[in-house]
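Structure assessment
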Amino acid sequence: MDLGIEGKVALVTGGSHGLGKQVAITLAEEGCKVAICARNLELLNDAEKELKAISPGSLGIQADVTNTQECNRFFEEAIKACGPAQILVNNVGGTKGGRDFDSASDQDWLDTLELNLLSTVRMVRLVLPEMKRQKWGRIVNIASIYGRELGGNPTYMAAKAALIGLSKHLGVNLAPYNILVNSVAPGSILFPGGSWDRFCQNNTPEAVEEFINRNLPMGKFGWPEPVGDLVAFLASDDASYVTGCEYVVDGGMIFK
């Protein structure tokens, strides 16, 4: 499908593997010039090669967006190489702390908020001036079903809930500038090196099957491509009257 975003410049944080990489690939297939960042240089280089094969103007930049200086550097190098950012996908995320409230330290809370919320705040601040000037922008924040339903660590749930709330606020307040902001809440998405991959490796086949039967109505884990397709749609003109919304991609898991 031609989403009408050929030639647009897209920034994707945490784009070296998993959902971020798939989002970047899907946007590149739509003709975007995509700049990704990640901390792991080896994974970043591999992802950059894949992106360049699809969209030659794309690139990877090693940066940790939980650090303000590195966040700024990623943004500056990306727009210098690709041009002004018109699409921003905040995919960086993760968690610190145990599954119980009592086991999470203050530092665990701060680290998890840095990963999931404050990195997004920093990136949004950077792209907004030019998006406002152009009167066109798309921001998609990758949240989680555990930001709206019970599950995961308390630090992670709270941070993703905050990200969903921020997306709604920005979606409404930036609408007059034609800057549309939405969030995507994936469920149990399986990809190499991800948390569900580790879950499958660290448990018996019987335990994995029991989890699937109890939690996943479609009888299987999700996969990255539907998330990438949804993000690309939300980044396009086809979603030109959609803002402040949260979209769940979980195969019906939240209804179990």
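Structural data are supplied above this passage.
Now for a description of the structure that goes with this document. Small disclaimer: the values here were computed from a predicted structure and weren't measured. (Residues numbered from 1 in each chain as written. Predicted model: local features only at pLDDT ≥ 70, side-chain atom pairs only at ≥ 80, totals over all residues. Heavy atoms only, no water.)

1. Things to note about the side chain of Thr 13
Following the sequence through the fold, Thr 13 ends up in strand S1 (residues 9–13). For Thr 13, a relative accessible area of 2% corresponds to the buried category. Once you skip the residues sitting within four places of it in the chain, Thr 13 turns out to touch Cys 37, Val 65, Phe 74, Val 89, Asn 90, Asn 91, Val 92 and Met 123. (Helix = DSSP H or I, 4+ residues; strand = E, 2+ residues; numbered from the N terminus. Buried < 20%, exposed > 50% of the residue type's maximum accessible area, 1.4 Å probe, protein only. Contact = heavy atoms within 4.5 Å.)

2. Let's talk about helix H2 (residues 41–54)
Compared with an ideal rise of 1.5 Å per residue, which puts 14 residues at 20 Å, H2 spans 20 Å between its outermost C-alpha atoms and is within 8% of the ideal. Every buried residue of H2 is listed here: Leu 44, Ala 47, Glu 48 and Leu 51. The arc that holds every buried residue of H2, seen down its axis, measures 110°, which confines them to one face. Along H2, exposed side chains directed more than 90 degrees from the buried face belong to Glu 42, Lys 49 and Ala 53. Buried-residue contacts for H2 involve helix H1 (18–29), strand S2 (33–38) and strand S3 (59–62). (Expected span 1.5 Å × (residues − 1). Arc of directions from axis to C-beta.)

3. Some remarks on the sheet that holds S2
Pairing is parallel across the open sheet formed by seven strands, whose spatial order is S3-S2-S1-S4-S5-S6-S7. Edge strands, defined here as strands with exactly one partner in the open sheet, are S3 and strand S7 (246–249). Pairwise comparison of adjacent strand axes, ignoring direction, gives a mean angle of 20° for this sheet. One ladder, built from six bridges, connects strand S5 (residues 137–142) with strand S6 (residues 179–186); its direction is parallel. Note on S6: the bridge partner recorded for Gly 137 is Ile 179. Relative to S3, H2 is tilted by about 165°, and along the sheet it contacts S2 and S3. Sheet strands in contact with helix H4 (residues 106–134) are S1, strand S4 (87–90), S5 and S6, and its direction is about 175° off that of S4. (Pairing = 2+ DSSP bridges. Axes fitted to C-alpha atoms, helices over the stretch in contact; angles between N-to-C directions.)

4. Some remarks on the pattern of salt bridges
Summed over the entire model, instances satisfying the criterion amount to ten salt bridges. Where Arg 73 meets Glu 70, a salt bridge forms, and the shortest distance between an N and an O atom there is 3.9 Å. Here the residue Arg 73 and the residue Glu 70 both occupy positions in helix H3 (residues 68–82), the gap between them amounting to three residues, near one helical turn. On the basis of relative accessibility, which here comes to 31%, the residue Arg 73 falls in the partly exposed class. Between Asp 237 and Arg 138 there is a salt bridge, and its shortest N-O distance comes to 3.3 Å. (Salt bridge = Lys/Arg side-chain N within 4 Å of Asp/Glu carboxyl O.)

5. Some remarks on the pairing of S6
With eight of its eight residues buried, S6 lies for the most part within the structure. Neither face of S6 is left uncovered, since the one carrying Ile 179, Val 181, Ser 183 and Ala 185 and the one carrying Leu 180, Asn 182, Val 184 and Pro 186 both have all their residues buried. On the question of chirality, the crossover connecting S5 to the parallel S6 by way of helix H5 (residues 154–173) is right-handed. Note: S6 against S7, four bridges, orientation parallel. Considered in S7, the bridge of Ala 185 is made with Val 248. (Right-handed = clockwise from strand over helix to strand, strands pointing away.)

6. Let's talk about the environment of Leu 170
With respect to the helices, strands and loops of the structure, Leu 170 is situated in helix H5. Given a relative accessible area of 13%, Leu 170 falls into the buried group. As for Leu 170 and Val 181, which are separated by eleven residues in sequence, their C-alpha atoms are 6.3 Å apart. Apart from residues lying up to four places away in sequence, Leu 170 is in contact with Val 124, Ala 175 and Val 181.

7. Things to note about the pairing of S3
Across four bridges, S2 lies against S3 in parallel orientation. Across the sheet, Cys 37 pairs through a bridge with Ile 61, a residue of S3. One crossover worth recording links S2 to the parallel S3 by way of H2, and it is right-handed.

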